[in-house]
Amino acid sequence: MRHSVSVTSLALWLAVAFAWGWSTPVWSDDAPVAIAIHGGAGTIDIRKMTDTERSAYEDALTAALRAGHERLRAGGTSLDAVVAAVTLMEASPLFNAGVGAVMTWDGRHELDASIMSGADLNAGAVAGVSTVESPIRLARAVMDQSEHVMLTGAGAEAFARSIGMVPVTNDTFTIPRRREALERVKRERNGQATLTDLVAPHKWGTVGAVALDRNGNLAAATSTGGMTAKRWGRVGDSPVIGAGTYADNRSCAVSATGHGEYFIRYNVAADICARMRYGNLDVREAGRQVLFDELLPNGGTGGVIIMDPAGNIAMPFNTQGMYRGSIDVHGKLTIGIHGGSEDAAG
Ligand code: ASP
C-alpha cells in the first residue's frame with residue numbers, strides 16, 4: 001500500500017510536472033525576441049522629403065525600436081516592449097500621437113490608444129482623452145488596474161487621475177504643422193483650397209508596435225490623435241480591439257494605421273489573425289488579402305504591422321508609404337518609409 005501510494009504520488013507528480021511544462025513557457029536566453037513598429041501610412045512623397053526630414057524619421061523609428069528591443073533582450077515582457085516603443089513615439093512631434101497629434105475641427109486634440117496581450121487576450125483602451133500625456137500608458141493601466149477594457153473621455157481622465165497620472169494641458173500636444181493642416185482642410189471643405197492645399201501630402205501618422213518576448217508571448221499597441229478635422233467625439237480604429245489592435249498567441253499580433261472608419265468596418269486586425277488561425281495563412285498572405293483584396297477595392301487605405309509567434313513579420317500597406325521598422329529574431333534592424341517589402345522571417 002505504502003509502495004503503491006508512492007507510485008501513485010510519483011505518477012501524479014509526473015502528470016502535474018508534464019502539464020506544467022506544457023502550459024508554462026520555458027524562459028531561455030536563446031528564445032527569440034522580435035519587435036516591429038509603425039509611425040503611420042499615407043501619401044508620403046519621396047521627392048518632397050529632405051534628407052534632414054528623412055533622417056529625423058529614421059532616427060526616431062530606430063530609437064523606438066531599440067527601446068522596445070532592449071526590454072525584450074533583458075527578459076522583459078512583450079507588453080513592456082510595445083509600451084516602451086509607443087511611449088517614445090508619442091513623445092516625438094514627428095508622429096500623430098501624443099505631442100504632434102492632429103487636431104479636431106474645433107482645434108483641439110482627442111487621443112485614442114489601445115493595447116492587447118496575446119497570452120490571455122487581456123486588453124485595455126482609451127478614447128477621446130485630451131489631458132493624458134501618454135494615452136498608451138493609460139490604456140495599459142485600464143488593462144492592468146481596472147475591470148474594464150475601454151474608458152472614454154472624462155471617465156478615462158478621472159481614472160488617470162485616480163491612479164496618480166498628472167494631467168497636462170491640451171495644447172501640450174500642439175505643433176504648428178498640425179494647426180496648418182487643420183486650416184488647410186478647412187479651406188478645402190469651404191471650397192477655398194489653393195493648389196498647394198490640394199497637392200499637400202495626406203498621411204495618417206498613428207504609431208504602433210507589435211512584439212514577441214522570450215516567453216513566446218505576443219503583444220500589440222496603437223496610439224493616435226485620429227484624423228485631422230475630425231468631429232469632436234469621433235473615435236477611430238486605434239482604440240477598438242479587433243480593428244486597429246489585436247494580439248493572440250494562437251495567431252498573431254497586429255497594429256494598424258489608416259482610414260479608421262474602414263478599419264473598424266472591416267475588423268482589420270482581428271480578421272488578419274483569424275485568417276492565420278483558421279485558414280493557416282502566413283503573416284504575409286493574411287496581410288495582403290485584408291489590405292489588398294478587402295480594403296483597397298472598397299476605398300480603405302492604410303497599412304499594418306503583423307507578427308506571428310515565431311517572430312515572422314509582415315508590414316504591408318496599400319498607400320504610397322508607411323513609416324515602419326523592425327528588429328527581427330536574428331537581431332537585424334530594418335527601417336522603411338516608401339515602397340518595398342521588408343518582411344522578416346522568424
Ligand atoms: N487610424 C487612425 C484613425 O483613423 C488614423 C491613423 O492611422 O493615422 O483614427
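Our subject in this report is the structure included herewith. Because the structure is predicted, anything quoted here is derived from the model rather than measured.

## Considerations on unusual backbone geometry
For Leu121, which is not glycine, the phi torsion reads 60° and is therefore positive. You can see Leu121 is positioned in the loop between β2 (111-117) and β3 (123-129). You can call Leu121 partly exposed: its relative accessible area is 35%. With a phi close to 50°, Asn267 is a non-glycine residue in the positive phi region. Structurally, the position occupied by Asn267 is in the loop between α8 (260-265) and α9 (268-279).

## Considerations on the packing of α9 against helix α10 (residues 283-295)
Two elements in contact, α9 and α10, have axes whose closest approach is 9 Å; the angle formed by their N-to-C orientations is 130°. By the angle between their axes, α9 is oblique relative to α10. For the element pair α9 and α10, the recorded crossing hand is right-handed. On the side of α9, the interface is formed by Val268, Asp271, Ile272, Arg275 and Met276, while α10 contributes Val283, Ala286, Gly287, Gln289, Val290, Glu294 and Leu295. Counted by class, the contact of α9 with α10 contains seven nonpolar, two polar and three charged residues.

## Digging into the environment of Asp59
With respect to the helices, strands and loops of the structure, Asp59 is situated in helix α2 (residues 51-73). The class of Asp59 is exposed, set by a relative accessible area of 52%. For the pair Asp59 and Ile335, spaced 276 residues apart in the sequence, the C-alpha separation amounts to 9.5 Å.

## As for empty space enclosed by the protein
Throughout the structure, instances matching the rule amount to three cavities of 30 Å³ or more. Counted as a void, the largest cavity has a volume near 80 Å³. A per-element tally of the lining of the largest cavity places strand β8 (residues 252-258) first, with three residues. Here the residues of the lining of the largest cavity are counted per class, giving three nonpolar, nine polar and three charged.

## A look at the packing of aromatic side chains
Aromatic rings in a pair are described by how distant their centres are and how their planes are angled relative to each other. Overall, the coordinates contain two aromatic pairs when judged by the stated rule. Look at Tyr57 and Phe95: their rings are 5.8 Å apart centre to centre, the planes differ by 70°, and that puts the pair in the edge-to-face class. Here Phe95 lies in the loop between α3 (78-91) and β2 and Tyr57 lies in helix α2, a separation of 38 residues in the sequence. Taking 4.2 Å as the distance between ring centres and 15° as the angle between the ring planes, the aromatic pair formed by Tyr57 and Tyr323 counts as stacked. With Tyr57 in helix α2 and Tyr323 in strand β11 (residues 321-327), this pair connects stretches of sequence that are 266 residues apart. Within the aromatic cluster, the residues linked to one another by ring pairs are Tyr57, Phe95 and Tyr323. Across the ring face of Trp105, the terminal group of Lys186 is positioned such that the distance to the ring centre comes to 4.8 Å.

## Re the nonpolar core
Membership of the largest hydrophobic core comes to 47 residues, with the highest contact counts inside it found for Ile35, Ile37, Ile115, Ile136 and Leu138. Residue contributions to this core peak at seven residues, all from α3. Judged by nonpolar contacts, the second largest core, of 38 residues, contains Leu218, Phe263, Ala269 and Ile305.

## A word on the sheet that holds strand β4 (residues 150-152)
Taken in spatial order, the eight strands line up as β4-β3-β2-β6-β5-β1-β11-β12 in an open sheet, and their pairing is mixed. The open sheet is flanked by β4 and β12 (333-336), the only strands paired with a single partner. Going from strand to strand, the sheet's axes swing by 10° on average, the running direction of each strand aside. As paired elements, strand β5 (residues 207-212) and strand β6 (residues 218-224) share six bridges and run antiparallel to each other. Of the residues in β6, the one forming a bridge with Val210 is Ala220. Sitting on the sheet, α3 touches β1 (34-42), β2, β5 and β6, and the angle it makes with β5 is about 155°. Against the sheet, helix α4 (residues 135-145) contacts β2, β3, β4 and β6, and its axis sits at roughly 135° relative to β3.

## Here's the deal with the pairing of β12
Covered by surrounding structure in β12 are Thr334 and Gly336 only, the residues Leu333 and Ile335 on the alternate face being uncovered. Two elements, β11 and β12, share four bridges in a ladder whose sense is antiparallel. Residue pairing for β12: Arg324 is matched across the bridge by Gly336. Adjacent in sequence and paired antiparallel, β11 and β12 are bridged by five residues, among which Gly331 carries a positive phi angle near 85°.

## Some thoughts on the sheet that holds strand β10 (residues 313-314)
What the four strands build is an open sheet, ordered β7-β8-β9-β10; its pairing is antiparallel. Edge strands, defined here as strands with exactly one partner in the open sheet, are β7 (245-248) and β10. Pairing of β8 with strand β9 (residues 302-307), which is carried by six bridges, proceeds in the antiparallel orientation. Across the sheet, residue Val254 finds its bridge partner in β9, namely Ile306. Contacts from α9 reach β7, β8 and β9, with the element oriented near 145° to β8. Against the sheet, α10 touches β9 and β10, its axis set at about 160° to β9.

Rules and cut-offs
- Residues numbered from 1 in each chain as written.
- Predicted model: local features only at pLDDT ≥ 70, side-chain atom pairs only at ≥ 80, totals over all residues.
- Heavy atoms only, no water.
- Helix = DSSP H or I, 4+ residues; strand = E, 2+ residues; numbered from the N terminus.
- Buried < 20%, exposed > 50% of the residue type's maximum accessible area, 1.4 Å probe, protein only.
- Axes fitted to C-alpha atoms, helices over the stretch in contact; angles between N-to-C directions.
- Parallel < 35°, antiparallel > 145°, perpendicular 65-115°, else oblique.
- Left-handed = near helix turned anticlockwise from the far one by under 90°.
- Contact = heavy atoms within 4.5 Å.
- Nonpolar A, V, L, I, M, F, W, Y, C, P; charged D, E, K, R; others polar.
- 1 Å grid on protein atoms, 1.4 Å probe; cavity = no way out; pocket = protein on both sides within 12 Å on 5 of 7 lines; lining within 4 Å.
- Points joined across faces, edges and corners; volume = space filled by probe spheres on them.
- Phe/Tyr/Trp six-rings, centres within 6.5 Å; stacked < 30°, edge-to-face > 60°.
- Lys NZ or Arg CZ within 6 Å of the ring centre and 35° of its normal.
- Core = buried A, V, L, I, M, F, W, Y, C linked by side-chain atoms within 4.5 Å.
- Pairing = 2+ DSSP bridges.

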